Amino acid sequence: MANAELDAIDMKILTHMQRDASLTTAELAERVGISQSPCWRRVQRLHDEGYIKSQVVLVDRQKLGFDMHIFAQVKIARLSEEERETFFRGIQNIPEVLECYTVFGEMDALLKIVAPDVKWYQEFIFNTLMKLPGVEDIRSIVTLSEAKSTTAIPLKPRTFQ
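- Looking at an unreviewed UniProt entry, one finds the chain named AsnC family transcriptional regulator, with Nitrospirillum amazonense as its source organism.

### So, the overall build of the chain
Now for step 1: When helices and strands are counted, the chain shows five helices and four strands.
Now for step 2: Put simply, the chain runs from its N terminus to its C terminus through helices and strands in the order α-α-α-β-α-β-β-α-β.
Now for step 3: The C-alpha atoms of the chain give 20 Å as radius of gyration, which overshoots the globular expectation for 161 residues (15 Å, by more than 25%).
Now for step 4: Taking the principal axes of its C-alpha atoms as reference, the chain extends roughly 55 × 35 × 35 Å.
Now for step 5: Relative to its 161 residues, the chain shows a buried fraction of 27%.
Now for step 6: Considering only contacts within the chain whose residues lie at least 6 apart along the sequence, 65% involve residues at least 24 apart.
Now for step 7: Taken as a whole, the chain presents about 11500 Å² of accessible surface, with 52% of it coming from carbon and sulfur.
Now for step 8: Separation between the mean location of the 20 positive side-chain charges and that of the 23 negative ones in the chain comes to 5 Å.

### What to know about the side chain of Asp10
Now for step 1: Following the sequence through the fold, Asp10 ends up in helix α1 (residues 8–19).
Now for step 2: By relative accessible area, which is 1% here, Asp10 ends up buried.
Now for step 3: At 2.8 Å, the side chain of Asp10 forms a polar contact with the side chain of Arg42.
Now for step 4: Setting aside residues up to four positions removed in sequence, Asp10 forms contacts with Glu5, Arg42, Arg45 and Leu46.

What counts as what
- Every chain is numbered on its own, with residues counted from 1 as its sequence reads.
- In keeping with the predicted nature of the model, local features appear solely for residues at pLDDT of at least 70, side-chain atom pairs appear and are counted solely at 80 or more, and the whole-chain, interface and lining totals rest on all residues.
- With hydrogens and water set aside, each side-chain value is computed from the structure's full complement of heavy atoms.
- We count a stretch as a helix when DSSP gives it H or I for four or more residues in a row; a strand needs E for two or more, and each element gets its number in order from the N terminus.
- As defined in this context, the radius of gyration uses C-alpha atoms, and a globule is described by 2.2 Å times the residue total to the power 0.38.
- Only protein chains enter the accessibility calculation, which uses a 1.4 Å probe. A residue is then buried if its area is under 20% of the maximum for its type, exposed if over 50%, and partly exposed in between.
- Contact definition: two residues touch when any of their heavy atoms are within 4.5 Å.
- The Shrake-Rupley method, run with a 1.4 Å probe sphere, supplies the accessible areas, and residue values consider only the shown protein chains as cover.
- In this tally, Asp and Glu contribute negative charge and Lys and Arg positive charge; neither His nor the terminal groups of the chain are included.
- Charged side chains are reduced to one point each, which is NZ for Lys, CZ for Arg, CG for Asp and CD for Glu.
- By the criterion applied in these results, polar contacts are pairs of N or O atoms within 3.5 Å in which, for protein atoms, one can donate a hydrogen and the other can accept it, and in which residues neighboring in sequence qualify only through two side-chain atoms.

Printed below as a string of C-alpha cells:
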C-alpha cells in the first residue's frame, strides 16, 4: 500500500513508534496530539494494514560479544528449485545471519553477519556457510566501524528536482 492513505497523524505515530515502540498509548497520543482511544485505533489499523510489521527490542550486539559486522557475498552453483529452497531455509536457521538478500551480478547472495572475532568467523565459514547447498565462493567484507545504524524507515521517498 502506498503511504498516500496515511494522514499527518498516522505519520507522526509511525515516527514516534520507530524511535520508541515501548511508548504507552497514552504517551503516544500525547506526543501526536490526539486522545488515547483514537490513537489506539489508529495504531491497531496501522498493524492490521501492515504498516507496522512488529514491535521488537533492539539488543546491543557488542554487550553480547558480537563485536564484528561482516558482509559476506556468496556465489551459489546452479541449483534446482528444491536445492535453492534448502539453501535459503538453511540461511533462515543461522542466527548469526541477520539479513540475506539475493543480488544481481557476479555473486548471488549478500549476507549481513555478526561475529565475535575473526577466528570465530573463519570457523563459521567452513563449518556453517560452506556446508550449505551450492556454495562455491564467499567473499567477506569486514567492517572497521559503524558510522550509521538505524531501523527507522523513511516514511516517504525523497523528491529530487
